[in-house]
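# Fold and contact review
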Amino acid sequence: MSEFGLREWRDLAPPNRILMGPGPSNVDPRVLRAMVHQPIGHLDPDFLAIMDEVREGLRRLFRTRNGLTFPISGTGSAGMEACLANLIEDGDKVLVFVKGYFGNRMAQMAERLGAEVVVVEQEWGKAFDPDDACEAIRKHNPKIVAIVHAETSTGVLQPVEEIAKCAREHDAIIVLDTVTSLGGVPVLIDEWGVDVSHSATQKCIGAPPGLAPVTFNERAIKVLKSRKRPCRSWYFDALLVKTYWGEDRAYHHTAPINMVFALREAIRLIEEEGLENRWERHRVNGLALSKGLEAMGLTLLVTEPEHRLPVLTTVLVPDGVDDTRVRMRLLNEFHLEIGAGLGPLKGRIWRFGLMGYSSQKRNVFLAISALGAILRDEGFPCDVESGLAAAQEVYRSHTAVAVEI
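One structure accompanies this document, and this report is about it. (Residues numbered from 1 in each chain as written. Predicted model: local features only at pLDDT ≥ 70, side-chain atom pairs only at ≥ 80, totals over all residues. Heavy atoms only, no water.)

One open sheet accounts for three strands, arranged β11-β14-β13; its pairing is antiparallel. Only two strands of the sheet have a single partner each, and these edge strands are β11 (312-316) and β13 (339-340). The pairing of β13 with strand β14 (residues 349-353) spans two bridges and is antiparallel. From the neighbouring strand, Ala340 faces β14, where its bridge partner is Trp350. Where helix α11 (residues 275-296) meets the sheet, its contacts fall on β11 and β14, and the angle it forms with β11 comes to roughly 10°. (Pairing = 2+ DSSP bridges. Helix = DSSP H or I, 4+ residues; strand = E, 2+ residues; numbered from the N terminus. Contact = heavy atoms within 4.5 Å. Axes fitted to C-alpha atoms, helices over the stretch in contact; angles between N-to-C directions.)

Our next topic: the sheet that holds strand β4 (residues 116-121). Taken in spatial order, the seven strands of this open sheet run β2-β10-β9-β8-β5-β3-β4, and their pairing is mixed. Either end of the sheet is taken by a strand with one partner, and the two such strands are β2 (68-73) and β4. Each adjacent strand pair in this sheet contributes to an overall mean axis angle of 20°, direction not counted. As paired elements, strand β3 (residues 93-98) and strand β5 (residues 144-148) share four bridges and run parallel to each other. Of the residues in β5, the one forming a bridge with Phe97 is Ile147. Contacts between helix α5 (residues 130-140) and the sheet are confined to β3, β4 and β5, with β3 contributing the most and set at about 160° to the helix.

A few words now on unusual backbone geometry. Even without a glycine there, the phi angle at Arg63 is positive, about 55°. Looking at where Arg63 falls in the secondary structure, it is placed in the loop between α2 (45-62) and β2. A relative accessible area of 32% places Arg63 in the partly exposed class. A positive phi angle is found at His335, which is not glycine, with a value near 55°. The residue His335 is located in the loop between α12 (323-334) and β12 (336-337) in this model. (Buried < 20%, exposed > 50% of the residue type's maximum accessible area, 1.4 Å probe, protein only.)

Time to look at the nonpolar core. In this structure, Leu87, Phe97 and Phe216 are the most contacted members of the largest nonpolar core, which totals 90 residues. Per-element accounting of this core gives the leading share, ten residues, to helix α10 (residues 257-273). Setting aside anything within four residues of it in sequence, one finds Phe216 in contact with Asn66, Leu68, Cys83, Asn86, Asp195, Val196, Ile221, Leu224 and Ala238. Judged by nonpolar contacts, the second largest core, of 35 residues, contains Ala288, Val321, Leu371 and Val401. (Core = buried A, V, L, I, M, F, W, Y, C linked by side-chain atoms within 4.5 Å.)

Right, let's get into the environment of Trp234. Following the sequence through the fold, Trp234 ends up in the loop between α8 (218-225) and α9 (238-245). Expressed as a C-alpha distance, the spacing of Trp234 and Ala85, which sit 149 residues apart in the sequence, is 10.0 Å. With residues up to four places along the chain from it excluded, the contact list for Trp234 reads Leu240 and His252.

Before going further, it helps to spend a moment on a nonpolar patch on the surface. Among the surface-exposed residues, Trp234, Tyr235 and Leu240 lie close enough to one another that they form a single nonpolar patch of about 300 Å² accessible area. Its place among the elements puts Tyr235 in the loop between α8 and α9. (Patch = residues over 30% accessible without salt bridge, like charges linked within 9 Å, V, L, I, M, F, W, Y side chains within 5 Å. Areas by Shrake-Rupley, 256 points an atom, 1.4 Å probe, with all protein chains shown as cover. Salt bridge = Lys/Arg side-chain N within 4 Å of Asp/Glu carboxyl O.)

In this section: helix α3 (residues 76-87). Helix length check: α3, at twelve residues, gives a terminal C-alpha distance of 17 Å against a target of 16 Å (1.5 Å per residue), a fit within 8%. Of all twelve residues in α3, ten are buried, a share of seventy percent or more. The complete set of buried residues in α3 reads Gly76, Ala78, Gly79, Met80, Ala82, Cys83, Leu84, Ala85, Asn86 and Leu87. (Expected span 1.5 Å × (residues − 1).)

For the rest of this paragraph, the subject is the pattern of salt bridges. For the coordinates displayed, the defined rule picks out 31 salt bridges. Close ionic contact of Arg30 with Asp28 constitutes a salt bridge, the shortest N to O distance being 2.9 Å. Under the relative-accessibility criterion, Arg30 is labelled partly exposed at 30%. Using a relative accessible area of 8% as the deciding quantity, one classes Asp28 as buried. Between Arg219 and Asp171 there is a salt bridge, with its nearest N and O atoms 3.5 Å apart. Of the two residues, Arg219 is situated in helix α8 and Asp171 in the loop between α6 (161-169) and β8 (173-177); the sequence distance between them amounts to 48 residues. Taking the relative accessible area as the measure of exposure, Arg219 reaches 25% and is therefore partly exposed. The exposure class assigned to Asp171 is exposed, which follows from its relative accessible area of 61%. Several salt bridges share partner residues, and in doing so they unite Asp322, Arg325, Arg329, Glu333, Asp377 and Glu378 into one network.

Here it is, written out as structure tokens:
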């Protein structure tokens, strides 16, 4: 402890802590090194050049040509609120598809922003049927449709292309949460016809938390420019922020300089690996983990394999097993941090994240063996050997995929 009663940095967490929860990923050491530089001015010509690189890199990451693409200075929830705040005016009808905790957060934000919110909810752990979703859009005729692509609380990957098409046919703007998907699974903003999307740096992008990439297409920009009143949030007003991140370079706010350094390096590493290769790495490691957990005798929350999110695997806590004690033993004995359930799933599931730098073969085997050892010790008869063998079989079937970095 320091003289002020504060813990030293070295006391906060061991350097070998492995983060496999849904929160901050294990950040590539090269990204951390990029952060440790003397900050420069937020209007310094060298920094403006870095901003250009980041903006272009995010367009490639989102697979979009949208001019209005930049990182919000804030975490993923700031990106979510920024997108909604820019689009919503008092009384606007917003249809929110909720299949987990973060879909519900979108609904809460929209309501606080003065929208007439219509919630269509699916059982947590299930994806929406596109036909049912389109029927809801036809029935309610909303101005805005909001949906989470990869639901962090449940591990569900939602097909969105048909839903986005239906929204366009009914002249609705679709807002897509890609916080947990961008950089880890295919996100094709232009091809799918998504109008607005927000993400976060700390998941599959592989940087620390602190920036929220967003993108708005021309349909959305028309809505922004035709508002009766300015965006309620001055800080999140995309048209104002555009004057800083766009060609004008007018002062709007002081950007988190070192976080932009980190994001630029994270994007560089993604492109060095190859975005499609990165998607494959996440897919195969996620498949190996899910197959391994099932072979051990555990049950996954998401029953339909095609809707399982490879970067976040959710498994039911076995009856009679203490959720908290298992997670704390993983943390204290193996330096392995996993996530707990949220909302109605609290105490019922564990969430294993394989995002960014943490999506590696060695972490899959560590998770299976460590969890299995603890569960056996807790009295649950799991077959660790079968779990490891099932994971290994996945890797044998995908020898062409680079599953470590």
